[in-house]
Amino acid sequence: MEKISSSFFARGEKKIFKRVRLLPLYGFPHHKDVGHREKIPGRKYFIHLDFDAFFAQVEQRDNPKLKNKPISVGGNGGIKGIVMTASYEARACGVKTGMSVFEALQYCPELISVPCYGQKYETIIQRILTEFKNYLPEDCIEQYSIDECFLDITPVVNDYFQAAKFAYMLKKLIMNLERLTVTIGLSFNKTYAKMASKFHKPDGLSLVREENKPDIYNLPASKMWGVGKRIERRLNYMGIFTMGDLANSSIYAVHKEFGVNGVILRKLARGEDTSMVSGAKARQEKSFNHHHTLTDPVYEPHEVESEIRRMVEYISRKLRCKDLVTRYFVLTIRYDDLGFVSETLRLSYYTNDERELFGAAMYLYKKLPEPCKSRKARMFGVTVFDLHKNMGINLDLFKKYLGFPFKEMDYLKEKYGERIIRIGLNSL
Ligand code: TTP
Ligand code: MG
């Protein structure tokens, strides 16, 4: 049998031997605090809330012609893109996230492919999280992804009955506010709550109590948060197939195979996740990135410039939406031969103005190997880090852009899409 283990050395490319990675730490949802506490004092109630077919549901809501139709959302829509998500009608025909639209059409010839409006979705979840602050302390609310959040509802409920009522109330609230459905998982720890939210999709509510542990133990180990295909294979190789196998596995064996993260994984499977939600105060954003892979790689300067500009506009607006400014800017390009280059620039002041960031991006671009006909650029990425709240200071010493109507511009983009307005290149 093929050996899949951290303890073996694998032959890499060009005869270089490299160690097979241990479990990547970032694969674990809350590695920072998962093992530190022995026990959570008292019983806790956690909710994991996940929107159903999020982007697709929003598009169906906003365009009645798409209601009850198989749709996919991704890129600029049309036949060329990738399916970022599909409506449940499309999923029923076998359409899956990550497929090309072309492939998806083979499964579902009636599929309607519509563009993705990232900022619109982001705004929706922000609006809802803000509304939650009327029902829960801010520290009990953690946004986990573009369509998921964790809530620690312990301060407002005393038992599972009240917790379930509270969860229903949230579902109703979201329906009234945004006309969208969500699925909720409710449990005494975050890991089980996240698993529970997958049980009854869409528009479901599932409860996992301490006494439901045997049901959890019957599930395949792949249902575990953080376990992807590769980790699953390694677990299977160790004879671990179910959650129960993992929970009852030898701590030494998982440590030998996966290092400390294996021990964490086993602990999570046993329902001993002691992590808390990291509320807004605790979780100041440290970096943002945005990557875009092109279906048709480019090399003409005006095409490259236009792609970089799009990335920069997006990231600038995301910064403004969160009222943040950045000091560091990174530009990444992947070529169609899969070569990968990246450069970082430290700006002389904090900013969230796309004109400044575009200037930085083009400065970095000139330092990188230029794409050409035989080596086109397939992926562009921008990252900003060293983020701070915009205190209105030190943005631009000479205040030359003071009074620029960013707010109005961002509003238009949010309402009518990314392409409705952009700042002229000449203003750079
Ligand atoms: P998910 O919550 O994973 O998917 P979903 O909400 O579309 O469907 P489900 O009902 O199963 O929860 O992701 C949320 C959104 O994030 C999704 O609507 C589209 C986007 N997304 C991507 O852009 N790329 C990806 O690879 C995934 C998984 C999601
Ligand atoms: Mg979802």
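Residues numbered from 1 in each chain as written. Chains lettered and ligands numbered in written order. Predicted model: local features only at pLDDT ≥ 70, side-chain atom pairs only at ≥ 80, totals over all residues. Heavy atoms only, no water.

Asks: In this structure, what is going on with the environment of Phe329? I would like to understand it.
Replies: Residue position: Phe329 is located in strand E12 (residues 324-335). By relative accessible area, which is 0% here, Phe329 ends up buried. (Helix = DSSP H or I, 4+ residues; strand = E, 2+ residues; numbered from the N terminus. Buried < 20%, exposed > 50% of the residue type's maximum accessible area, 1.4 Å probe, protein only.)

Asks: Even after reading the chapter, I still don't get the packing of aromatic side chains, so can you show me in this structure?
Replies: What describes a pair of aromatic rings is the distance from one ring centre to the other and the angle between the planes of the rings. Applying the stated criterion to the full structure yields ten aromatic pairs. Aromatic pair Tyr45 and Tyr160: ring centres 5.1 Å apart, planes at 80°, arrangement edge-to-face. One end of the pair, Tyr45, is in the loop between strand E2 (17-19) and strand E3 (46-51); the other, Tyr160, is in helix H5 (residues 160-178), and 115 residues separate them in sequence. Comparing Tyr45 with Tyr160, the two get one shared label, buried. Arranged with centres 4.8 Å apart and planes meeting at 10°, the rings of Tyr328 and Phe385 form a pair that is stacked. On the criterion of sequence distance, the pair formed by Tyr328 in strand E12 and Phe385 in strand E14 (residues 377-385) is long-range, its members being 57 residues apart. Assessed through its relative accessible area of 22%, Tyr328 is described here as partly exposed. Judged by relative accessible area, which is 31%, Phe385 ranks as partly exposed. Taken together, the ring pairs connect Phe51, Phe54, Phe55 and Tyr121 into an aromatic cluster. Across the ring face of Tyr335, the terminal group of Arg375 is positioned such that the distance to the ring centre comes to 3.9 Å. (Phe/Tyr/Trp six-rings, centres within 6.5 Å; stacked < 30°, edge-to-face > 60°. Lys NZ or Arg CZ within 6 Å of the ring centre and 35° of its normal.)

Asks: Can you help me understand the pairing of strand E13 (residues 340-351) in this one?
Replies: The side chains of a regular strand alternate between both faces of the sheet. When E12 meets E13, the two strands line up antiparallel, connected through eight bridges. Among the inter-strand pairings, Leu331 is bridged to a residue of E13, identified as Glu343. Between E12 and E13, which follow one another and run antiparallel, lie four residues, and Leu338 among them has a positive phi close to 75°. (Pairing = 2+ DSSP bridges.)

Asks: Sorry, what's going on with a nonpolar patch on the surface here?
Replies: On the surface, a cluster of nonpolar side chains totalling about 410 Å² of accessible area is made up of Tyr411, Leu412, Tyr416 and Ile420. Topologically, Ile420 is positioned in the segment after helix H14 (406-416). (Patch = residues over 30% accessible without salt bridge, like charges linked within 9 Å, V, L, I, M, F, W, Y side chains within 5 Å. Areas by Shrake-Rupley, 256 points an atom, 1.4 Å probe, with all protein chains shown as cover. Salt bridge = Lys/Arg side-chain N within 4 Å of Asp/Glu carboxyl O.)

Asks: Where do I start with helix H12 (residues 301-321) in this structure?
Replies: Here H12 spans 30 Å end to end across 21 residues, near enough to the 30 Å set by a 1.5 Å rise per residue. Backbone geometry just downstream of H12 places Asp323 in the positive-phi region, at approximately 55°. (Expected span 1.5 Å × (residues − 1).)

Asks: What exactly am I supposed to notice about the side chain of Arg266 here?
Replies: Tracing the sequence through the fold places Arg266 in helix H11 (residues 260-269). We note that Arg266 is buried and unpaired, the nearest opposite charge coming from Glu272 at a distance of 5.8 Å. A polar atom in the side chain of Arg266 sits 2.8 Å from the backbone oxygen of Ser249. Not counting chain neighbours up to four residues away, the residues in contact with Arg266 comprise Leu246, Ala247, Ser249, Ser250, Ile251 and Val254. (Lys, Arg positive; Asp, Glu negative; His and termini not counted. Polar contact = N/O pair within 3.5 Å; in protein donor to acceptor, adjacent residues only side chain to side chain. Contact = heavy atoms within 4.5 Å.)

Asks: How do you make sense of the side chain of Thr85 when you look at a structure like this?
Replies: Looking at where Thr85 falls in the secondary structure, it is placed in strand E5 (residues 85-86). Engagement of the side chain of Thr85 in a polar contact is seen with the side chain of Arg91, the distance being 3.0 Å. Residues in contact with Thr85, not counting those within four places in the same chain, are Ala53, Phe55, Ala56, Ile71, Ser72, Val73, Arg91 and Thr97.

Asks: Honestly, the coordination of the magnesium ion (ligand 2) in this entry has me stumped. Any pointers?
Replies: Octahedral six-donor coordination of a metal ideally yields angles of 90 or 180 degrees, compared with 109.5 degrees for tetrahedral four-donor coordination. The magnesium ion (ligand 2) binds to the protein through Asp50 (OD), Phe51 (O) and Asp147 (OD); the donor distances cover 2.1 to 2.3 Å. Angles of 83 to 177° at the metal separate the six donor atoms of the magnesium ion (ligand 2), which places the site in the octahedral class. (Donors = N, O, S within 2.8 Å, 3.2 Å for Na, K, Ca; no water. Tetrahedral: all angles 85-135°; square planar, octahedral: opposite > 155°, others 65-115°.)

Asks: Any chance you could explain unusual backbone geometry here in plain terms?
Replies: What is expected of a backbone is that most residues other than glycine have negative phi and most peptide bonds are trans. A cis amide bond links Lys201 to the next residue, Pro202, at an omega of -5°. Within the element layout of this structure, Pro202 appears in the loop between helix H6 (190-196) and strand E10 (205-208). Notably, Asn68 is not glycine yet its phi reads approximately 60°, a positive angle. In this structure, Asn68 sits in the loop between helix H1 (54-62) and strand E4 (71-73).

Asks: In this structure, what is going on with the environment of Lys194? I would like to understand it.
Replies: Of note, Lys194 is situated in helix H6. Not counting residues up to four positions away in its chain, the partners in contact with Lys194 are His48, Tyr144, Glu148, Phe150 and Trp225. One polar contact links Lys194 to Glu148, side chain to side chain, over a distance of 2.5 Å.

Asks: Is there a simple way to explain the sheet that holds E4 in this structure?
Replies: Note: strands within a sheet are paired through backbone hydrogen bonds, in either parallel or antiparallel orientation. Reading across from one edge, E5-E4-E6 is the order of the three strands in this open sheet, with mixed pairing throughout. Here the strands that pair on one side only, and so sit at the sheet edges, are E5 and strand E6 (112-114). Where E4 lies against E5, two bridges are found, and the strand directions are antiparallel. Bridge pairing links Val73 to Thr85 in E5. Relative to E4, H1 is tilted by about 115°, and along the sheet it contacts E4, E5 and E6. (Axes fitted to C-alpha atoms, helices over the stretch in contact; angles between N-to-C directions.)

Any functional reading would require information beyond the geometric quantities listed.
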